[in-house]
Amino acid sequence: MRVGMGYDVHRLTEGRDLIIGGVKIEYEKGLLGHSDADVLTHAIMDALLGAAGLGDIGLHFPDNAGEFKDISSIILLKRVKDLIEKEGYTIGNIDATIIAQAPKMRPYIDEMRSIIADALSIDVKQINIKATTEEHLGFTGRGEGISAEAVCLLN
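Right, let's walk through the structure included here.

How each quantity is defined
- Residues numbered from 1 in each chain as written.
- Predicted model: local features only at pLDDT ≥ 70, side-chain atom pairs only at ≥ 80, totals over all residues.
- Heavy atoms only, no water.
- Helix = DSSP H or I, 4+ residues; strand = E, 2+ residues; numbered from the N terminus.
- Rg over C-alpha atoms; globule rule 2.2 N^0.38 Å.
- Buried < 20%, exposed > 50% of the residue type's maximum accessible area, 1.4 Å probe, protein only.
- Contact = heavy atoms within 4.5 Å.
- Areas by Shrake-Rupley, 256 points an atom, 1.4 Å probe, with all protein chains shown as cover.
- Lys, Arg positive; Asp, Glu negative; His and termini not counted.
- Charge placed at Lys NZ, Arg CZ, Asp CG, Glu CD.
- Expected span 1.5 Å × (residues − 1).

1. Examining the overall build of the protein
Item 1. Helix and strand counts for the protein stand at five helices and seven strands.
Item 2. Reading the protein from its N terminus to its C terminus gives the helix and strand order β-β-β-β-α-α-α-β-α-β-α-β.
Item 3. A globule of 155 residues ought to have a C-alpha radius of gyration of about 15 Å, and the protein, at 15 Å, matches this closely.
Item 4. The C-alpha extent of the protein, read off along each of the three principal axes, is 40 × 35 × 25 Å.
Item 5. Relative to its full complement of 155 residues, the protein shows a buried share of 47%.
Item 6. In the protein, 70% of the contacts between residues at least 6 apart in sequence involve partners at least 24 apart.
Item 7. Per element, the accessible surface of the protein, about 7600 Å² overall, is 49% carbon and sulfur.
Item 8. Measuring between centres, the 16 positive side-chain charges of the protein sit 1 Å from its 24 negative side-chain charges.

Printed below as a string of structure tokens:
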């Protein structure tokens, strides 16, 4: 068994869609990034890659490569799945937390779990997603950005 952890953060900005866990969330701002800036999916990818000893998403999907401009992070997650399977690993479980003052994530979490489980070809019960605020403290609490953390177990 191998354990991995991942973390990602992106700044909120106007003129972008807010995509988290593969779900488009209605909000006045989106996350700034080279891809769709899906912090949750990025944290999960880094956890999986880390557990497999395969580096991080920057190594595999550099933010200066045109092929990844505005790409769906769910597409990248499927590529990560292929990479870890090629190494002989299977996913035991994933536990992740979204840190955002707003918008409320609870209405979207079940759909996020379903999309991510489908992309990874795992049972939805193998992925848990939580959300929290930082009580108006720090950059997430001030509404400047959104972050996510994830841990995973590979067999």
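2. Structural notes on helix 1 (residues 39-51)
Item 1. When the terminal C-alpha atoms of helix 1 are compared, their 18 Å separation across 13 residues agrees well with the 18 Å that a helix rising 1.5 Å per residue should span.
Item 2. For helix 1, the buried fraction is high: 12 of the 13 residues fall into the buried class.
Item 3. Along helix 1, the residues classified as buried are V39, L40, T41, H42, A43, I44, M45, D46, A47, L48, L49 and A51.
Item 4. Within two residues after helix 1, G53 carries a phi angle of roughly 70°, on the positive side.

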